[in-house]
Amino acid sequence: MSTGIDLNADLGEGFGVWQLGDDEAMLGIVTSANVACGFHAGDPAGLLRVCRMAAERGVRIGAQVSYRDLAGFGRRFIDVAPEDLLADVIYQIGAMQGLARAAGSTVSYVKPHGALYNTIVTNREQAAAVAEAVRMVDTTLPVLGLAGSVFFDEARRRRLRTVAEAFADRAYRPDGQLVSRREPGAVLHDPSAIAERVVAMVTTGRIAAVDGSAVAVQAESVCVHGDSPGAVQIASAVRDRLKADGIDVKAFC
């Protein structure tokens, strides 16, 4: 049985008067916050508030880098040139480092968001660009992503620490990748069922795919999406169930 697991959530995804999710409540539950960097969501004032709240609660801050796609919330593939993607990721990490430092904290890791996250599971050109951007900024920054991805291959080639992530509230395909959000049943909503699923994932290293087959899952961190309906209830249920089973909920770095 695993003795500890990190819980992370995507936060800071509001924009101006438009608020998405309950960042303050989630920061009382998770141990790591993937904070938007302004390319898919988030405005500077809101992001600084999230960083301050994370710092006050001792929650680790991660730079959640993405495609430049506010209109699509970063969930659309963009065929961006590798050198442009490299610069975009450097820019986003730098912005988050400034905000985190101003809040009395620091950027502890990098996690790609949305379509970029999914693309670099298999797209080596873009994976290499993201990994190289992290290396150029700070070789000590871990990267959060999917085990077995080409992104992890490229990160390890650059001697970056890779942290395998699993998803509490997303359905899995038999090949271990996530079911597309465009398909029915891609996002799960029942807090108790999700909590049960996470405990099984953490203790057995396996999870049931949509076709009922068992899929091997590696996870040092489990993501609960902060923008899902009932996200706070889901995250609370997951944390409570992990603790009840003697699994320590703690940051991976």
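Source: prediction; values computed, not measured.

**Some remarks on the pairing of strand E1 (residues 4-11)**
Here E1 lies mainly inside the structure; seven of its eight residues are buried. In terms of strand pairing, E1 meets strand E9 (residues 221-223) through three bridges, oriented parallel. Looking across to E9, one finds that Asp6 is bridged to Ser221. Two strands pair when backbone bridges link them, and E1 and strand E2 (residues 32-36) are joined in this way by four bridges, in the parallel orientation. Paired with Asn8 across the strands is Ser32, a residue of E2.

**Things to note about the pattern of salt bridges**
Two side chains carrying opposite charge are able to pair once their charged atoms lie near each other. Per the counting criterion, the structure on display carries 16 salt bridges. Two residues, Arg57 and Glu24, come together in a salt bridge whose shortest N-O distance is 3.4 Å. Residue Arg57 is found in helix H2 (residues 44-57), and its partner Glu24 is found in helix H1 (residues 23-26); the two are separated by 33 residues along the sequence. Given a relative accessible area of 47%, Glu24 falls into the partly exposed group. Arg241 is paired through a salt bridge with Asp245; the nearest N and O atoms lie 3.0 Å apart. Arg241 gets classed as partly exposed once you look at its relative accessible area, which sits at 26%.

Cut-offs used in this document
Residues numbered from 1 in each chain as written. Predicted model: local features only at pLDDT ≥ 70, side-chain atom pairs only at ≥ 80, totals over all residues. Heavy atoms only, no water. Buried < 20%, exposed > 50% of the residue type's maximum accessible area, 1.4 Å probe, protein only. Helix = DSSP H or I, 4+ residues; strand = E, 2+ residues; numbered from the N terminus. Pairing = 2+ DSSP bridges. Salt bridge = Lys/Arg side-chain N within 4 Å of Asp/Glu carboxyl O.

Shape descriptors only; they carry no functional weight alone.
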